[in-house]
Amino acid sequence: MWHHKPIIDEELLQSLPNLKIVSNSGVGIDHLDLKLLSRFGVKVSNTPFVVSTDTADLGMALMLASARRLVEGYQMAVSPDIEYFPADWLGVEVSGATLGIVGMGTIGYKVAQRAKAFEMKILYHNRNQRNKEEESAVGAIYCKKIDDLLRESDFVMLAVTLTPQTHKLIGKRELELMKPTATLINISRGLVVDQDALMEALQNKVIRAAALDVTCPEPLPRDHPLLRMKNVIITPHIGSATHDTRRVMMQDMAESIEAALAGRPIPNEVV
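Each residue is numbered by its place in its chain's sequence as written, counting from 1. In keeping with the model being predicted, local features are shown solely for residues with a pLDDT of at least 70 and side-chain atom pairs are shown and tallied solely at 80 or more, while totals for entire chains, interfaces and linings include all residues. Each side-chain value is worked out from all heavy atoms of the structure, with water and hydrogens disregarded.

So, about the side chain of N186. Segments assigned H or I by DSSP are reported as helices when at least four residues long, segments assigned E as strands when at least two residues long, and all are numbered from the N terminus. Topologically, N186 is positioned in strand 7 (residues 183-186). Only protein chains enter the area calculation, which uses a 1.4 Å probe; residues under 20% of their type maximum are buried, those over 50% are exposed, and those in between are partly exposed. On the accessibility criterion, N186 (1% relative accessible area) is buried. Only heavy atoms matter for contacts: two residues are in contact if any of them lie within 4.5 Å across the pair. N186 has contacts with L158, V193, A211, L212, D213 and V214, leaving out every residue within four places of it along the chain.

Written as structure tokens, this is what we have:
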């Protein structure tokens, strides 16, 4: 599967009686019905580790671009109507600011490693607390309650997998807990955020800005209000979109397929 295609439903599975494995590109498997696949005796694999470095890089890029208003600045710099650059056109600092990471898995931890180089104060919320050595290595502080992270962070970065528990994890209540100067960055899945609540929060200046690599749907309808907001940056779900990573993803998928067909243990099998 690449970019969630083809759609794996019962009709397709019935038409493929010899199907052994569905090898999925990327980490997320929220688009797959694992119980249905198991009922048909079909294995599932993904590519969980190879995407983490590039996705963490993109998370930092979105944070920096939003903080320094990079897209607006570019548009200003190339505009045929600009005769001078306004001196009071300002962004916000990243270095020394507080970053709250929601989801401290492989991607979240790599974000923390990068944020440490920017001398950021790092808070994180996760189902399980990391061990003291891992926390100390990046200077991260565990927040058992997500509310505490939201209240204190200048930037909130979402790096969770989409599950029933994380569906619309960030809604109206959570956005109102954030600082009015804060930025929300989403590199996980669009459905982790209540998009209507986010739109309202941005319009009413409940939070300062948002930087999104994921939305729901993808792409958004061309008349969607988020596409017209100056305090929003949206990229087309490109967390893993580099030549090297995509090549390794394909190699990992092929290895899983070969292993399944040969009856060997499947690398990165989703159980």
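Bringing the nonpolar core into the picture now. In this structure, L175, L184 and L198 are the most contacted members of the largest nonpolar core, which totals 30 residues. By residue number, the principal contributor to this core is helix 9 (residues 195-203), which donates five residues. By nonpolar core is meant a set of buried Ala, Val, Leu, Ile, Met, Phe, Trp, Tyr and Cys residues that side-chain atoms within 4.5 Å join together. One finds L58, I107, Y109 and V111 within the second-largest nonpolar core, a separate group that totals 29 residues.

Our focus in this paragraph is the environment of T53. Secondary-structure assignment places T53 in helix 3 (residues 52-67). The class of T53 is partly exposed, set by a relative accessible area of 31%. Considering only alpha carbons, one finds T53 and V94, 41 residues apart in sequence, at a separation of 20 Å. If we skip the residues at most four places from it in the chain, T53 touches K110 and R114.

Right, let's talk about the sheet that holds strand 9 (residues 232-234) for a bit. Picture the strands of a sheet paired through backbone hydrogen bonds; they go either parallel or antiparallel. By the convention used here, strands pair only if DSSP detects at least 2 bridges between them. What the seven strands build is an open sheet, ordered 5-4-3-6-7-8-9; its pairing is parallel. The sheet is open, and its two borders are formed by strand 5 (140-142) and strand 9, each paired with just one other strand. For this sheet, the mean angle separating the axes of adjacent strands, direction not counted, is 15°. Note that strand 4 (residues 121-125) and strand 5 share three bridges and pair parallel. Each residue of the ladder has a partner; that of Y124, found in strand 5, is Y142. Its contacts with the sheet place helix 3 against strand 3 (98-102), strand 6 (155-158), strand 7, strand 8 (209-212) and strand 9, and it is angled at close to 150° to strand 6. Note on geometry: axes are C-alpha line fits, over the in-contact stretch for helices, and angles between N-to-C directions span 0 to 180 degrees. Together, strand 7, strand 8 and strand 9 form the strand contacts of helix 9, whose direction differs from that of strand 8 by roughly 140°.

Attention shifts here to the domain arrangement of the protein chain. Interfaces are often sized by the amount of accessible area the parts lose when they come together. Domain boundaries shown here were taken from an automatic or database domain assignment. Per the domain assignment, the segments of the protein chain are domain 1 (10-49 + 243-262) and domain 2 (51-81 + 91-234). The centre of domain 1, based on its C-alpha atoms, is set 30 Å off from the matching centre of domain 2. With nine residues of domain 1 in contact, the opposing surface of domain 2 contributes six residues. In short, buried area is how much 1.4 Å probe accessible area vanishes from two parts on joining, totalled over both. Carbon and sulfur atoms make up 53% of the area that domain 1 and domain 2 hide from each other, which totals about 630 Å². If you sort the residues of domain 1 by the area they bury against domain 2, D30, F49 and T245 come out on top, with a joint share of 65%. When a carboxyl oxygen of Asp or Glu lies within 4 Å of a side-chain nitrogen of Lys or Arg, that pair is called a salt bridge. Linking domain 1 with domain 2 are one salt bridge, by the criterion used here. In this structure, R189 engages D30 in a salt bridge whose closest nitrogen and oxygen atoms are separated by 3.2 Å. For this classification, Asp, Glu, Lys and Arg are treated as charged, while Ala, Val, Leu, Ile, Met, Phe, Trp, Tyr, Cys and Pro are nonpolar and the rest, including Gly, are polar. Here the side of domain 1 that touches domain 2 is composed, by residue class, of four nonpolar, four polar and one charged.

Stacked, edge-to-face and tilted are the three classes for Phe, Tyr and Trp ring pairs, Trp counted by its six-membered ring, which pair at centre distances within 6.5 Å; planes under 30 degrees apart are stacked, over 60 edge-to-face, the rest tilted. A full pass over the atoms with the stated rule returns one aromatic pair. Centroid distance Y124 to Y142: 5.2 Å. Interplanar angle 50°. Geometry classified as tilted. Taken as a pair, Y124 in strand 4 and Y142 in strand 5 lie far apart in primary sequence, 18 residues in all. On the basis of relative accessibility, which here comes to 0%, the residue Y124 falls in the buried class.

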